[in-house]
Amino acid sequence: MKEYRPGAAFPGVVGRTFDQSSPAWPMPNRAKEGAPNVLFIVQDDTGFGQMGCYGSPINTPNIDMLAKEGLLFNNMHTTALCSPTRSCIITGRNHHSNAMSCITEGSTGYPGGNGYIPFENGFLSEILRDNGYNTYALGKWHLTPAEQNSAAGPYDRWPLGRGFERYYGFLGGDTHQYYPELYYDNHQVEPEKTPEEGYHLTEDITDKAIGFIADAKQIAPNKPFFMYFCPGAGHAPHHVPKEWADKYKGKFDEGWDVYREKVFAKQKELGIVPKDAELSRHDPDVQEWGSLSADEKKLYARMMEVFAGFLEHTDYHYGRLFQFLKDIGEWDNTLIMFISDNGASSEGGPTGSVNENKFFNNVPDDLKQNLAAIDDIGGPKYFNHYAWGWTFAGNTPFRRWKRETYRGGISDPFVVHWPKGIKSKGEVRTQYAHAIDMVPTVLEALGIEPPATIKGVTQSPIEGKSFTHAFNDKSAVSNHQVQYFEMMGHRSIYWNGWRAVCPWPGTSFIEAGMPFGTPIPAEKLTELDANNWELYHIDKDFAENHNIAADNKPKLIEMIAQWYVEAGKYNVLPVDGRGTLRFAEERPQISGPRQSYTYYQGTQVVPGNASANVLNRTHSITVDAEIPKGGAEGVLFSMGGVDGGFSLYIKEGKLKYVYNYVAAEFFYLESSEAVTEGRHSFRFEFEATGKPDMANGKGSPGKAQLYIDKKLVAETDLPYTIPLSLGLGAGASCGSDPGSPTCDDYDPPFAFTGKIYSATVDVSGELIEDHVAKAKQILARQ
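My aim in this report is to walk through the structure given alongside it, one point at a time.

Reading the values: rules and limits
Residues numbered from 1 in each chain as written. Predicted model: local features only at pLDDT ≥ 70, side-chain atom pairs only at ≥ 80, totals over all residues. Heavy atoms only, no water. Helix = DSSP H or I, 4+ residues; strand = E, 2+ residues; numbered from the N terminus. Rg over C-alpha atoms; globule rule 2.2 N^0.38 Å. Contact = heavy atoms within 4.5 Å. Areas by Shrake-Rupley, 256 points an atom, 1.4 Å probe, with all protein chains shown as cover. Lys, Arg positive; Asp, Glu negative; His and termini not counted. Charge placed at Lys NZ, Arg CZ, Asp CG, Glu CD. Pairing = 2+ DSSP bridges. Axes fitted to C-alpha atoms, helices over the stretch in contact; angles between N-to-C directions. Buried < 20%, exposed > 50% of the residue type's maximum accessible area, 1.4 Å probe, protein only. Salt bridge = Lys/Arg side-chain N within 4 Å of Asp/Glu carboxyl O.

1. Thoughts on the overall build of the protein
- Helices and strands together make up the secondary structure of the protein, namely 16 helices and 32 strands.
- Here the protein has a C-alpha radius of gyration of 28 Å; the compact-globule value for 782 residues is 28 Å, and the two agree.
- For the protein, contacts bridging at least 24 residues in sequence account for 74% of all contacts bridging at least 6.
- About 29600 Å² of surface is accessible on the protein, with carbon and sulfur atoms providing 52% of the total.
- When the 74 positive and 98 negative side-chain charges of the protein are each reduced to one mean point, those points stand 3 Å apart.

2. Observations concerning the sheet that holds strand S9 (residues 187–189)
- Across the sheet, 10 strands lie side by side as S9-S8-S7-S6-S10-S3-S11-S12-S4-S13; this open sheet has mixed pairing. At either end of the open sheet lies a strand with only one pairing partner, and these are S9 and strand S13 (427–429). With strand direction ignored, the average angle separating the axes of adjacent strands in the sheet is 15°.
- Across 4 bridges, strand S11 (residues 334–340) lies against strand S12 (residues 414–417) in antiparallel orientation. Note on S12: the bridge partner recorded for Ile-339 is Phe-414.

3. Some details on the environment of Lys-368
- Residue placement: Lys-368 occurs in helix H9 (residues 367–372).
- For Lys-368, a relative accessible area of 72% puts it in the exposed group.
- Between the C-alpha atoms of Lys-368 and Arg-302, which are 66 residues apart in sequence, the distance is 15 Å.

4. So, the pattern of salt bridges
- On inspection of all chains with the given rule, the structure shows 39 salt bridges.
- The closest approach of N and O atoms between Lys-217 and Glu-330, which form a salt bridge, is 3.3 Å. Separated by 113 residues along the polypeptide, Lys-217 in helix H4 (residues 201–217) and Glu-330 in the loop between helix H7 (294–327) and S11 bring together distant segments of the chain. Residues Lys-217 and Glu-330 agree in their burial class; the two are buried.
- For Arg-400, the salt bridge identified is with Glu-404, shortest N-O distance 2.8 Å.

See the structure below:
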């Protein structure tokens, strides 16, 4: 059969009739013969000292096997945060070049941070698809502007718009592992089972991963695939069936200080850290384990048992995927790269949390509440996160953690496995590398040149450097000599064995307890540049223990100047250290500015960033609904989940409203009158009566009222509300409360059994005028 490349001249013969003609066919898009599969496994919030092969006591036999049969890198770096790192992994460009200075929910209106990854920065999925690969993405995405994660799209920055042929997972930064916000290709779906029936997201995405590969291999067994596999572990919520957590009962009772010492000793034994390396200092923000009460020790140890079970459970499902590849004969020719997107996370704060959303709202945690939840931590009831002592321990031997550009935030586990392509086995690689190096390494290993254009868009240069030359040469010199870092104001730079670090707003402030995300003016940045940069010679000081800035001023000045050179090159400026306050920034919506939002029953959940913003403002919710004969019950309108939000619903014949203040307090209203048969207007109003105190976790206080057909039937005062975020997965739903329930007064989704014509959220500030209350106010002034 004669074939020709599309676009080339037709090589056949076209005669007057078939017998005088000779056919030729457009050549299918085939990969090179023998091209390997490529599997990226991107784990979340996992520190340098948390995988078994990196010295941890947590059992991760399947990733350990990759290290034993492949290569373990001890000098891989990320950006210190998830979306930015993931953009580097998939494009080979720096995160500010990708307009991803922060997570998508923290985007800002500047070229380096608006969250719109340029199309000239092609994804590896786009390149490999155009070279004959099937392409699949599973699990966490978090690369689409948050305000575009809705049914209105646009879909060009969703997985299927950026080169993936199939997708199954969650679009945001985290999700409930038992009640996930799931998307299948370009549409929302609900899990096929409930938590009571044994559902867990990690098992689900593994099933789908195996199914995607099998679907194609049974038709085209020689066609390679690229899979981008991103489980929720170890990001909060740390959700795992109890039996997995119970495997670790008592294993962490000695505390995080002993954990660090044991892991560090194991790292030296395994050759993962230099023999002369020193363990970093005890973090001043972390309590000494010996100073804790018995109750605190019990709680914090259990939180770590749950996290350990979560990682082992995830590793078990990696093993299922690996075994499938072995069973179908694809294991030896699959290039696997395993990485964590940043260091271990401190978002649980000093006491840990049963609700990570408290961190994003600057709400302090409550030890008493956490202790009361100890038996249910890891189950569907809570959105839990361990205490940051375990974060500090999880990043052994380094200092600090996620969001900061010390090595604890940016130095991460990285393992490469490819039996057919790498001869070296079970060796440690010490070459400096960064997440932007993964794409050029894969392309060089596959013999594929970076394309000049993708879909007609001229491509920018790939900024990473290949490390394929180190696959079989442990003494090879790294191709990556300089790398800047910036994350929410925290800055550092690597340059030929040296690192300079400038914490935000400065280590002295952090030790004094200055809250994360404290903004400082330009003159303070100048002061930081003059006085707060630290200098480490990491070729000799692996864990950044010895700040030698005072004795090496010329070198420090050179490093700071180079940071600004890199900042100019890659769109890093302006430096923005507002932290969680960035979440409150207004962003353009697909529909443009408006004050009224109408929702309909039976439609998809509208993601929080595309929904009406009701935080800290007067608003109303009006539901036009029909109550059938015999009555109806269920949710009329909801927004949120177990981690925070509100729900307007009918139960036991009464109109009800609940406000879930980050699972710390619940405020209820119930109508004084029964709901009757017929068509009614059910309305909730919130009148903001004060300003928010965002730095201390309190949104605007106000008056809450319920109305039936414009008649006041219930009211109360809300002393405070959620200030910044209802939750990363919070969305608006008309007619149900899907996913995790906003309160425990009903089981989800508690779908409304009547008919809803519309639900309208109004943020104009217009409220029903209460003539009785107004008259009372007038009389009170007489």
